[in-house]
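Spelled out, the chains give:
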Amino acid sequence: QVQLVESGGGLVEPGGSLRLSCSASGNINSIDVMGWYRQAPGNERELVAAITVTKNNRIDYADSVKGRFIISRDNGKTTWNLQMNSLKPEDTAVYYCKAEASRWTNIYYYWGQGTQVTVSS
């Protein structure tokens, strides 16, 4: 129903900034939550930030990124972004965009393929 593609990853020095973008296609009107997750080698995939459309665009951040990262959306539900500032080596991970969508009584989860973010000197 929904297809997601991430972009914007790359190599950045500590303290630098990077902006990720997620483009959605398909049944985009069904999207209830727009999120960003990350997974470092050997670690579990963790929530970075999310916008819950059905809760008046409530924004949630992981404690580790609060004050440094900003999630936003453009063009309705078709695109959402993650502005990452003051990056730390600990932020190095594959970042995935995620969509939660509902149709009838069912809830579906969709994932992008991921984009690598490397923070290193």
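Right, let's walk through the structure included here. Predicted, not measured: the structure shown is a model, and the values here were computed from it. (Residues numbered from 1 in each chain as written. Predicted model: local features only at pLDDT ≥ 70, side-chain atom pairs only at ≥ 80, totals over all residues. Heavy atoms only, no water.)

**Topic: unusual backbone geometry**
Backbone geometry at asparagine 57 places phi at a positive 60 degrees, although glycine is not the residue there. When you line up the elements, asparagine 57 lands in the loop between β5 (46-52) and β6 (58-61). Among the residues examined, asparagine 57 registers a relative accessible area of 34% and is labelled partly exposed. Residue tryptophan 104 is not a glycine yet carries a positive backbone phi of 55 degrees. Along the chain, the position of tryptophan 104 falls in the loop between β9 (93-103) and β10 (106-111). (Helix = DSSP H or I, 4+ residues; strand = E, 2+ residues; numbered from the N terminus. Buried < 20%, exposed > 50% of the residue type's maximum accessible area, 1.4 Å probe, protein only.)

**Some remarks on the nonpolar core**
Judged by nonpolar contacts, the single largest core of 32 residues is most densely connected at Leu4, Trp36, Trp80, Leu82, Met84 and Tyr95. Contributions of two or more residues to this core are made by β1 (2-7), β3 (18-26), β4 (31-39), β5, β7 (69-74), β8 (79-84), β9 and β11 (115-119). Here this core takes five residues from β9, the largest share from any one element. Excluding residues that lie within four positions of it along the chain, leucine 4 makes contacts with Cys22, Ser23, Ala24, Trp80, Cys97, Lys98, Ala99, Tyr110, Trp111, Gly112 and Gln113. (Core = buried A, V, L, I, M, F, W, Y, C linked by side-chain atoms within 4.5 Å. Contact = heavy atoms within 4.5 Å.)

**Comments concerning the environment of glycine 9**
Within the fold, glycine 9 resides in the loop between β1 and β2 (10-12). Judged by relative accessible area, glycine 9 falls into the partly exposed class, the value being 33%. Counting along the chain gives 73 residues from glycine 9 to leucine 82, while the straight-line C-alpha distance between them is 11 Å. Leaving out residues up to four positions away in the same chain, glycine 9 has contacts with Leu18, Leu20, Thr115, Gln116 and Val117.

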